Amino acid sequence: MKVKPLGDRVIVKLEKSETKSAGGIIIPDTAQEKTQIGVVVEVGDDKDVIKVKPGQKVMHDKYAGTQIKIGADEHLVLKMSDILAIIE
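Residues numbered from 1 in each chain as written. Predicted model: local features only at pLDDT ≥ 70, side-chain atom pairs only at ≥ 80, totals over all residues. Heavy atoms only, no water.

## Some points on the sheet that holds strand 1 (residues 9-14)
Logical step 1: Taken in spatial order, the 6 strands line up as 4-5-1-2-3-6 in an open sheet, and their pairing is antiparallel. Strand pairing shows two members of the sheet lacking a second neighbour, strand 4 (66-70) and strand 6 (83-87), which therefore form its edges. Neighbour to neighbour, the strand axes of the sheet diverge by 40° on average, direction disregarded.
Logical step 2: The sheet contact formed by strand 2 (residues 37-43) and strand 3 (residues 57-60) spans 3 bridges and is antiparallel. Each residue of the ladder has a partner; that of Ile 37, found in strand 3, is Met 59. (Pairing = 2+ DSSP bridges. Helix = DSSP H or I, 4+ residues; strand = E, 2+ residues; numbered from the N terminus. Axes fitted to C-alpha atoms, helices over the stretch in contact; angles between N-to-C directions.)

Printed below as a string of structure tokens:
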């Protein structure tokens, strides 16, 4: 399935968080922090507002966006204003 965001929206693939601590303790899903980092997959058609490109790693607001599933992967549809930083 191919999804193309409209306007100033961006689709970000969520990065998986670690399930094990540095000391070897397994962290259950319910106790893990929601990820705030992802990789841009698709961008909308508002080129004046969108400042990111597909493939860039970004940090976003903690509770922003709409979560969708494309294939087996979790993605977020975010507004450009919800993206806080580009991680290099």
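Back to the write-up after that little detour.
## Focus: the nonpolar core
Logical step 1: One finds Val 10, Val 40, Val 52 and Ile 83 to be the most contacted residues of the largest nonpolar core, which totals 13 residues.
Logical step 2: Sort the elements by how many residues they give to this core and strand 1 lands first, with 3 residues.
Logical step 3: Contact partners of Val 10, with chain neighbours within four places excluded, come to Pro 5, Val 40, Glu 42, Val 43, Ile 50, Val 52, Leu 76, Val 77, Leu 78, Met 80 and Ile 83. (Core = buried A, V, L, I, M, F, W, Y, C linked by side-chain atoms within 4.5 Å. Buried < 20%, exposed > 50% of the residue type's maximum accessible area, 1.4 Å probe, protein only. Contact = heavy atoms within 4.5 Å.)

## Some thoughts on the side chain of Asp 82
Logical step 1: Mapped onto the secondary structure, Asp 82 falls in the loop between strand 5 (73-79) and strand 6.
Logical step 2: As a buried residue without a salt bridge, Asp 82 has its nearest oppositely charged side chain in Lys 79, at a separation of 6.8 Å.
Logical step 3: Not counting residues up to four positions away in its chain, the partners in contact with Asp 82 are His 60, Asp 61, Ala 64 and Gly 65. (Lys, Arg positive; Asp, Glu negative; His and termini not counted. Salt bridge = Lys/Arg side-chain N within 4 Å of Asp/Glu carboxyl O.)

## Points about the pairing of strand 1
Logical step 1: Here strand 1 pairs with strand 5 via 5 bridges, running antiparallel. In the strand pairing of strand 5, Ile 11 is matched with Val 77.

## Observations regarding the pattern of salt bridges
Logical step 1: Under the counting rule described, the total for this entry stands at 5 salt bridges.
Logical step 2: Note that Glu 42 is salt-bridged to Lys 4, the shortest N-O span being 3.6 Å. With Glu 42 in strand 2 and Lys 4 in the segment before strand 1, the pair connects residues that are 38 residues apart, well separated along the chain.
Logical step 3: The salt bridge involving Lys 13 is made with Asp 73; its shortest N-O contact spans 3.5 Å. Of this pair, Lys 13 sits in strand 1 while Asp 73 sits in strand 5, and the two are 60 residues apart along the sequence.
Logical step 4: Judged by its relative accessible area of 34%, Lys 13 falls in the partly exposed class.

## A few points about the environment of Lys 53
Logical step 1: As for its placement among the helices and strands, Lys 53 is situated in the loop between strand 2 and strand 3.
Logical step 2: The spacing of Lys 53 and Val 40 is 13 residues in sequence and 6.7 Å in space, taken between C-alpha atoms.

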